[in-house]
Amino acid sequence: MSVSLPEFPQFRVSGEKNLGVRWKEYVSKLENLFIGLNIESKKRRKALLLHYGGDEIYDIAESLSTNSEELDYDTLKQKLNGYFNPKSNREFETYEFRNMVQEHCETTDQFVTRLKTKAKFCEFSDSEREVKSQLIQGCRSNELRKRALRDDYSLNDLQKFARTLEISESQATEIGKKVQTNGQTASVDRVKSKRTPKFARNPRPTVHKNQNQPSRQNTKCTNCGGNFPHKGKCPAFGMECFYCHKKNHLISVCRKRKQNKHHLREIHESEQEENQDSSDNEGTFGISVRVNNIRRLPHVTVNVNGINVNALVDTGSTINIVSEKLLRKMQPYPKLKPSHTKAYAFGQSKALPIKGQFTCTIETEKKYSTAEFYVIEGNTDSIISYDTAVSL
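In this text the structure is predicted, and so the values were computed from the model without any measurement.

## Overview of the overall build of the protein chain
(1) Moving on: Counting secondary structure elements, the protein chain contains twelve helices and nine strands.
(2) Moving on: In the protein chain, 57% of the contacts between residues at least 6 apart in sequence involve partners at least 24 apart.
(3) Moving on: Summed over its atoms, the accessible surface of the protein chain is roughly 25100 Å², and 47% of this surface lies on carbon and sulfur atoms.

Below, the structure is given as structure tokens:
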């Protein structure tokens, strides 16, 4: 009767470092397999050890005894342990342990697990103490290191404290992203018109003092655009501007961005003016700015509906744009939907010719998503909006 044996890797003897350490791991995993298969016979265990170990293990076993057939499993394992153990390098294992540091995307718990695994091969008299010491030296968190040096925490207590730090740091990062996003939303200009809107550049807000109201209700912070003075620290403190990449201010109040003279403004329908007749044209619009000097702005190659496009990444833009010329190259040809969105070149009353809009896939080398694109008549630069860039 034929028996199907499960797969198990051979033990490689030549050309490998830390032979003794690897042999201990190999035998431990093999004996776990014996337990899983309910193999208790010493004779069968020996046969499987020689079978799975491969030709090199078989030859070594033959050389260890004049009559290897008389050796049982325990005796053969003991002789092989004696053969490989002198080849283990405890000093080298300790050297590698002392140089272990926490990796960038590694949690503290994962780092401790790696340290404990490595410590087994170093044969420390007090492994937990050594793991704790290496955690303090190799962790990425200065806060955790300070707490460990200040208080006599156990390894388990340090891991609990590290989990708390990692959770709070993740939450603070998420809040910071929302603050940055809200800062960009606050930068949207608002224009009122009953019919065809005409736009002019909005200067930096001027502070008007009112004796009947506290001045802090009207004063705007030049770093975040919010009310000043702040109750606490300015939300823009430590943040990087998406436009000029300088610190401690948001894109909504970026001076460099507002000094550029040539803009493409993308206008979206918004809420109706209060108490205004519903038959009037809506006069509140969200406006986003794109600088024509595209050398200063980043480009990225993306695949839009099967076509590779070198698109401008505009963090101030709220819509994606492709030209009619690029649209004709797409196969299959996207079905356009009518668009009620109007786009105006700066200082012009005539809207840019939007042919329509369509939804399609957009891909980079690592990610893909779906996005809405607006088609401009003729040949123009392709633009990727902030939201689409973030999704990729």
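Right, picking up where we left off after that structure.
## Digging into the pattern of salt bridges
(1) Moving on: Overall, the coordinates contain 14 salt bridges when judged by the stated rule.
(2) Moving on: The salt bridge involving Lys42 is made with Asp74; its shortest N-O contact spans 3.2 Å. Residue Lys42 is found in helix α2 (residues 42-53), and its partner Asp74 is found in helix α4 (residues 73-84); the two are separated by 32 residues along the sequence.
(3) Moving on: Classification of Lys42 as partly exposed rests on a relative accessible area of 38%.
(4) Moving on: For Asp74, a relative accessible area of 36% puts it in the partly exposed group.
(5) Moving on: Overlapping salt bridges bring together Glu93, Glu96 and Lys118 as one network.

## Thoughts on unusual backbone geometry
Trans peptide bonds make up the majority, and among non-glycine residues the majority have a negative phi.
(1) Moving on: Here Phe228 and Pro229 are connected by a cis peptide whose omega angle stands at 5 degrees.
(2) Moving on: The phi dihedral of Asn38 is positive, around 60 degrees, even though this residue is not glycine.
(3) Moving on: Secondary-structure assignment places Asn38 in the loop between α1 (19-36) and α2.
(4) Moving on: A relative accessible area of 57% means that Asn38 is categorised as exposed.
(5) Moving on: Notably, Asn305 is not glycine yet its phi reads approximately 55 degrees, a positive angle.
(6) Moving on: Considering the arrangement of structural elements, one finds Asn305 in the loop between β3 (299-304) and β4 (307-313).

## Looking at helix α7 (residues 127-138)
Note that an α-helix has 3.6 residues per turn; residues three or four places apart therefore point the same way.
(1) Moving on: In this model, α7 (twelve residues) spans 16 Å end to end at C-alpha, consistent with the 16 Å of a helix rising 1.5 Å per residue.
(2) Moving on: For α7, the full list of buried residues reads Glu130, Val131, Lys132, Gln134, Leu135, Ile136 and Gly138.

## Re the packing of aromatic side chains
(1) Moving on: All chains considered together, the criterion is met by twelve aromatic pairs.
(2) Moving on: Taken together, a centroid distance of 6.1 Å and an interplanar angle of 20 degrees make the contact between Trp23 and Tyr26 stacked. In this pair, Trp23 and Tyr26 are both assigned in helix α1, three residues apart and thus about one turn of the helix distant.
(3) Moving on: Through a chain of ring-to-ring contacts, the aromatic side chains of Phe8, Phe11, Trp23, Tyr26, Tyr52, Tyr83 and Phe84 assemble into a single cluster.

## Description of the side chain of His249
(1) Moving on: Turning to its location among the elements, His249 is positioned in the loop between α9 (155-185) and α10 (255-259).
(2) Moving on: In contact with His249, other than residues within four places in its own chain, are Asn223, Ala236, Met239, Glu240, Cys241, Cys244 and Cys254.

## Looking at the nonpolar core
(1) Moving on: Residues Phe11, Trp23, Leu80 and Phe84 are the most contacted members of the largest nonpolar core, which totals 22 residues.
(2) Moving on: Counting residues per element, this core draws most heavily on α1, at seven residues.
(3) Moving on: Leave out the neighbours within four places in its chain, and Trp23 touches Phe11, Leu49, Ile57, Leu80, Asn81 and Phe84.
(4) Moving on: Counting 18 residues, the second-largest nonpolar core is a separate cluster that includes Ala119, Ala148, Leu155 and Phe161.

## Some remarks on a negative patch on the surface
(1) Moving on: A contiguous patch of negative charge, built from Asp55, Glu56, Asp59, Glu62, Glu69 and Glu70, is present on the exposed surface.
(2) Moving on: Note that Asp55 resides in helix α3 (residues 55-64).

## Concerning α3
(1) Moving on: Considered for burial, the residues of α3 that qualify are Ile57, Ile60 and Ala61. The buried side chains of α3 occupy one side of the element, clustering within an arc of 100 degrees when seen end-on. Projecting away from the buried face of α3 at angles above 90 degrees are the exposed residues Asp55, Asp59 and Ser63.
(2) Moving on: Close packing links the buried residues of α3 with α1, α2 and α4.

Parameters at a glance
- Residues numbered from 1 in each chain as written.
- Predicted model: local features only at pLDDT ≥ 70, side-chain atom pairs only at ≥ 80, totals over all residues.
- Heavy atoms only, no water.
- Helix = DSSP H or I, 4+ residues; strand = E, 2+ residues; numbered from the N terminus.
- Contact = heavy atoms within 4.5 Å.
- Areas by Shrake-Rupley, 256 points an atom, 1.4 Å probe, with all protein chains shown as cover.
- Salt bridge = Lys/Arg side-chain N within 4 Å of Asp/Glu carboxyl O.
- Buried < 20%, exposed > 50% of the residue type's maximum accessible area, 1.4 Å probe, protein only.
- Expected span 1.5 Å × (residues − 1).
- Phe/Tyr/Trp six-rings, centres within 6.5 Å; stacked < 30°, edge-to-face > 60°.
- Core = buried A, V, L, I, M, F, W, Y, C linked by side-chain atoms within 4.5 Å.
- Patch = residues over 30% accessible without salt bridge, like charges linked within 9 Å, V, L, I, M, F, W, Y side chains within 5 Å.
- Lys, Arg positive; Asp, Glu negative; His and termini not counted.
- Charge placed at Lys NZ, Arg CZ, Asp CG, Glu CD.
- Arc of directions from axis to C-beta.

That's the geometry; what it means functionally is another story.
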